[in-house]
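Given next are the chains, with one letter for each unit.
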Amino acid sequence: MSGRAERSAGRWASRAVQLSFLIALLVLWYGLTTWGHVSPILLPNPLAVLHELIQVITTGEFVGDLLTTLSELAAAFTISMVLGTIIGYLISRSPYLIEVFEPLLAGIYSIPIILFLPLYSLLFGLGEPSKIALGATISFFPIVLNTIAGFGHVDRIFIISARSMGASNYQLFRRVLVPAALPIILTGLRMGFTLALLAILGSEVLASLAGLGHRIAELDEKMDRAHMFAYITFAVVIAAFLNTVVSWLEAKGKR
Amino acid sequence: MAHAPAVDDTRDLTGAAGRQGVGAFLRARPWLARLGVIVVLFAVWEIAARFFVDKMFLAPPSLVYMRLYAVFATAGVPAALRITFFELTVAFLISVAIGLSVGLAVGLSRFTHRSFMPIILLLYGTPQITILPLFVLYFGIGPASKIAFGVSHGMFPIIVTVIAGVQNIKPILLTSAKSMGASRWQIFRWVIFPHMVPSFFTGMRLAMSAVLLGVLLAELYGSSVGIGYFTTLFTQSFDPTRLLGLVSVLAAMAIALNELARRAEMRFSRWRSA
Amino acid sequence: MTGEVAIRVSGVSHQFGEKGDARFVRALLDTSLEIARGELLCLIGPSGCGKSTLLSIIGGLMEPTAGAVEVGHQQVRGPLPREIAYVFQENALFPWSTVIENVKLGMLFQGVPRPEQEKRARHSLAAVGLADFADHYPGQLSGGMRQRAALARALSLETGILLMDEPFGALDEQTRMVLGEDLSVLLSRTEKTIVFVTHSLGEAVFLADRVAVFSARPGTIKEIIEIEEPHPRRPEFITSEKFTSIRNKLYALLHDEIRKAVSESARIDRTETGRGGSP
């Protein structure tokens, strides 16, 4: 049984498949635009996209929009994090409150809250406040639900043994409840962050005056295709980067 | 599992209010308390809309729900609702078809799983909203782009859960079937497939939310005949009454569809005991 | 029990992984054995001694790295569903089908025609005492009942040989006792050749015609003890002097091997994070 040799051969073969998939896609893209007579308005040449991307980065063109998006994200997430954890903790203090509020919150969570975007646009206008409000609203729910779950389901045996050793309320909170609940809460925060990012990018694309999402929609309207693709790539990479950082933080916090 | 201190157990049970009567009555009926919370929220909405916010931006619930008929009476709204529902249904069905076939194709072989899973997860994780304008570019402003965007969102949860359902099967079940002489087809038909069904339904529940999101996002971006046309119309003409009414209808539809998917999932996951 | 040989194990050795691999394990070393038709042979030994590995090899679920197994007059190279039925320790019933559907599924794989399936299923469920639970789901049954169902499934295949890998390992003492007695009664009525792996000394002595005692890893048969006592074994057998003396003999044979196996595994656990292979 050549287990080990067999296994690494398998892994190399998988990598080869992934690589060839990627290469095939790039070749297809290049081929369609260079020899395939596909209009550049529909599909820009990958080299043109690359050129635009380099331009955008080196001229610092992206800075304004990126700052807008990131500041909206920071504000929205801060609001939902603070409100979500505090409210979640307060609800978790009583099993009755948990029973009353958890189904309600879970129920609202099941509605695609993006539906409220027109309402928020009407109420807050097209500027940053409506994006922040929507981002905060959407990301609030996973945070509050996970906080409730985290604090509400701490194993009683931990509390009993801490009490039996004379722990005060504050000590119990700091040394038992928080560490026990932290993994679940961190997951909720990560989910909230991801949702806030999506909500903000989404509302920027749909109804906004500034930000990365808005820029993509704007370039689409202008039919500046290669430029638009460059921004899409940029936005996707930024999003991937942020999500990776947040996941890493989550894992670090769980240690 | 209360985190109340063990020493103060009894205090926690009777609650801070400590009063008999209303307190105890509510405690025995959490559903009533929930209803109460909803009533309070609507009351806040009502008061805010009547006294604190400009009439151009917010309408009170009393007005919204009394004038709900006006929403449906608006020319084109019922048709738009039907079209949107049609978009949701078609997108969901296509998502299921693609999700199931891709999920099985990738999940059944260790090699395809190792090769394609990273690609699938990568695609699943990208913020698709950034390419929404491209969907409209390629599929037009009509229902096709809404369906396509819906499928793009909905197929991933199904692919991922079907793969999990196929890959997570306890090896002992496969060994047992092999020891009884089952052929490869028999193993798929009688062991792998039934094992995968609950995961498939979980995927469909998740896909329902995803398809709702995709279709509605696409509608809100710009729609010629779907419901997005009217959300834009009511927003731009500063008609919060009808806008809130329409959004309520859509929210109700979303809740109903999600509940349907959830029940289907429970029905088909019965053998999955603790 | 006739003199005819049902299973012939010749010089079987088995190792997991390659020499030099971190996970290299020599599970079995040059094991030979002849099992007579209609006898119940128990394989007993310390953890990791290879008894379950040997059972898998006999059942065609694994190919040995050296040596061969013959059943009837053919060499075993894969599962022989018409000759060999297997009962596992882990719950191998399909949780999405009812008990009777599970029993019938085995026969479907074997190729038994449908009307016959129903007849045999009902019969074997009655034989294990589960006639009233045919339409229950495995999730609704206790551990002991699930293993009865697994046994019913194996019996319905009407094979000449039954291999059982610690079938009662996951059950509590009292259930084991009851199932052991019922098994003895049941098996006295059939003429199957049974190979039974167990950790329990009492179980081995109570059920078996012969007990093969394994040494610690790499496993090989240290000694075979014969137990002459008619089937079905009566409950009183357990408290008899004969039982106790045989059991003591087994204990003496096993004690050192068990100690060896335990200290060996402690040594391995200190040097690597996980043990390789499985007995």
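Residues numbered from 1 in each chain as written. Chains lettered and ligands numbered in written order. Predicted model: local features only at pLDDT ≥ 70, side-chain atom pairs only at ≥ 80, totals over all residues.

Chemist: Honestly, the overall build of chain A in this entry has me stumped. Any pointers?
Modeler: Summing up its helical and strand segments, chain A has 10 helices and zero strands in all. Here the C-alpha atoms of chain A give a radius of gyration of 24 Å, more than 25% beyond the 18 Å that 2.2 N^0.38 yields for 255 residues. Overall, chain A is about 75 × 70 × 35 Å in size when its C-alpha atoms are taken along their principal axes. Considering chain A as a whole, with its 255 residues, one finds that 41% of them fall into the buried category. When contacts within chain A are restricted to residue pairs at least 6 apart in sequence, long-range pairs at least 24 apart make up 74% of them. (Helix = DSSP H or I, 4+ residues; strand = E, 2+ residues; numbered from the N terminus. Rg over C-alpha atoms; globule rule 2.2 N^0.38 Å. Buried ≥ 20, exposed ≤ 12 C-beta atoms within 10 Å, placed from the backbone. Contact = placed C-beta atoms within 7 Å.)

Chemist: I tried to follow the overall build of chain C on my own but got confused; where do I start?
Modeler: When helices and strands are tallied, chain C shows seven helices and 10 strands. C-alpha atoms of chain C, sized along the principal axes, occupy 55 × 45 × 40 Å. With 279 residues in all, chain C has 43% of them scored as buried. In chain C, of all internal contacts separated by at least 6 residues, the share reaching a separation of at least 24 is 72%.

Chemist: How do you make sense of the interface of chain B and chain A when you look at a structure like this?
Modeler: Counting residues at the interface gives 46 residues for chain B, matched by 49 residues for chain A. Ranked by the residues each element gives to the side of chain B that touches chain A, the list is headed by helix α13 (residues 240–268) of chain B, at nine residues. Split into classes, the residues belonging to the side of chain B that touches chain A amount to 33 nonpolar, 10 polar and three charged. (Nonpolar A, V, L, I, M, F, W, Y, C, P; charged D, E, K, R; others polar.)

Chemist: Just checking my understanding: could you explain the pairing of strand β6 (residues 84–87) of chain C for this structure?
Modeler: All names here are of chain C. Across the two faces of β6 the burial is the same, with I84 and Y86 and A85 and V87 all buried. Of the strand pairs in this sheet, β6 and strand β7 (residues 161–165) are connected by four bridges, and their pairing is parallel. Counted as the bridge partner of A85 is L162 from β7. (Pairing = 2+ DSSP bridges.)

Chemist: How should I be thinking about unusual backbone geometry in this particular structure?
Modeler: Keep in mind that most residues, glycine aside, have a negative phi and that most peptide bonds are trans. Look at the link from R217(C) to P218(C): it is a cis peptide, with omega at -5 degrees. The omega torsion across H231(C) and P232(C) is 0 degrees, close enough to zero to call that bond cis. By the element assignment, P232(C) lies in the loop between β10 (221–226) and α7 (241–271). One non-glycine residue with positive phi stands out, namely M223(A), at about 60 degrees. Turning to its location among the elements, M223(A) is positioned in the loop between α9 (212–222) and α10 (225–254). What makes M223(A) exposed here is the crowd of 12 C-beta atoms within 10 Å. Even without glycine at this site, D30(C) takes up a positive phi of about 40 degrees. Tracing the chain through its elements places D30(C) in strand β2 (residues 25–36). You can call D30(C) partly exposed: it has 13 C-beta atoms within 10 Å.

Chemist: For this particular structure, what's the right way to read the nonpolar core?
Modeler: One recurring pattern in soluble globular proteins is that nonpolar side chains are buried together. A196(A), L132(B), L217(B), C42(C), I58(C) and A208(C) are the most contacted members of the largest nonpolar core, which totals 203 residues. Take this core: its biggest share by element is 18 residues, from helix α11 (residues 184–221) of chain B. What C42(C) contacts, discounting residues up to four positions off in sequence, is F196(C), T198(C), A204(C), L207(C), A208(C), V211(C) and A212(C). (Core = buried A, V, L, I, M, F, W, Y, C linked by C-beta atoms within 7 Å.)

Chemist: What is the right way to read the sheet that holds β7(C) from this model?
Modeler: Picture the strands of a sheet paired through backbone hydrogen bonds; they go either parallel or antiparallel. Residues and elements named next belong to chain C. Taking strand neighbours across the sheet as the criterion, the six strands line up as β6-β7-β8-β3-β9-β10 in an open arrangement whose pairing is mixed. Every other strand in the sheet has two partners, leaving β6 and β10 as the edge strands with one partner each. For this sheet, the mean angle separating the axes of adjacent strands, direction not counted, is 15 degrees. Note: strand β9 (residues 210–214) against β10, five bridges, orientation antiparallel. Note that in β10 the partner of A212 across the bridge is I224. Along the sheet face, helix α1 (residues 51–58) touches β3 (40–44), β7, β8 (193–198) and β9 and points at about 150 degrees away from the line of β8. (Axes fitted to C-alpha atoms, helices over the stretch in contact; angles between N-to-C directions.)

Chemist: I tried to follow α1(C) on my own but got confused; where do I start?
Modeler: Within an α-helix, residues lying three or four positions from one another point in the same direction, as the helix has 3.6 residues per turn. Residues and elements named next belong to chain C. Counting buried positions along α1 yields eight of eight residues, so the element is predominantly enclosed. For α1, the complete set of buried residues consists of K51, S52, T53, L54, L55, S56, I57 and I58. Of the residues trailing α1, G60 is marked for its positive phi of about 80 degrees.

Chemist: Please clarify how the sheet that holds strand β5 (residues 74–75) of chain C should be interpreted in this entry.
Modeler: All names here are of chain C. Spatial strand order, β2-β1-β4-β5: four strands in an open sheet with antiparallel pairing. On the outer flanks of this sheet lie β2 and β5, each paired with one strand and no other. The pairing of strand β1 (residues 5–16) with strand β4 (residues 66–71) spans five bridges and is antiparallel. Note that in β4 the partner of V9 across the bridge is V69. Against the sheet, α1 makes contact with β1, β2 and β4, and its axis sits at roughly 120 degrees relative to β1, the strand it touches most.

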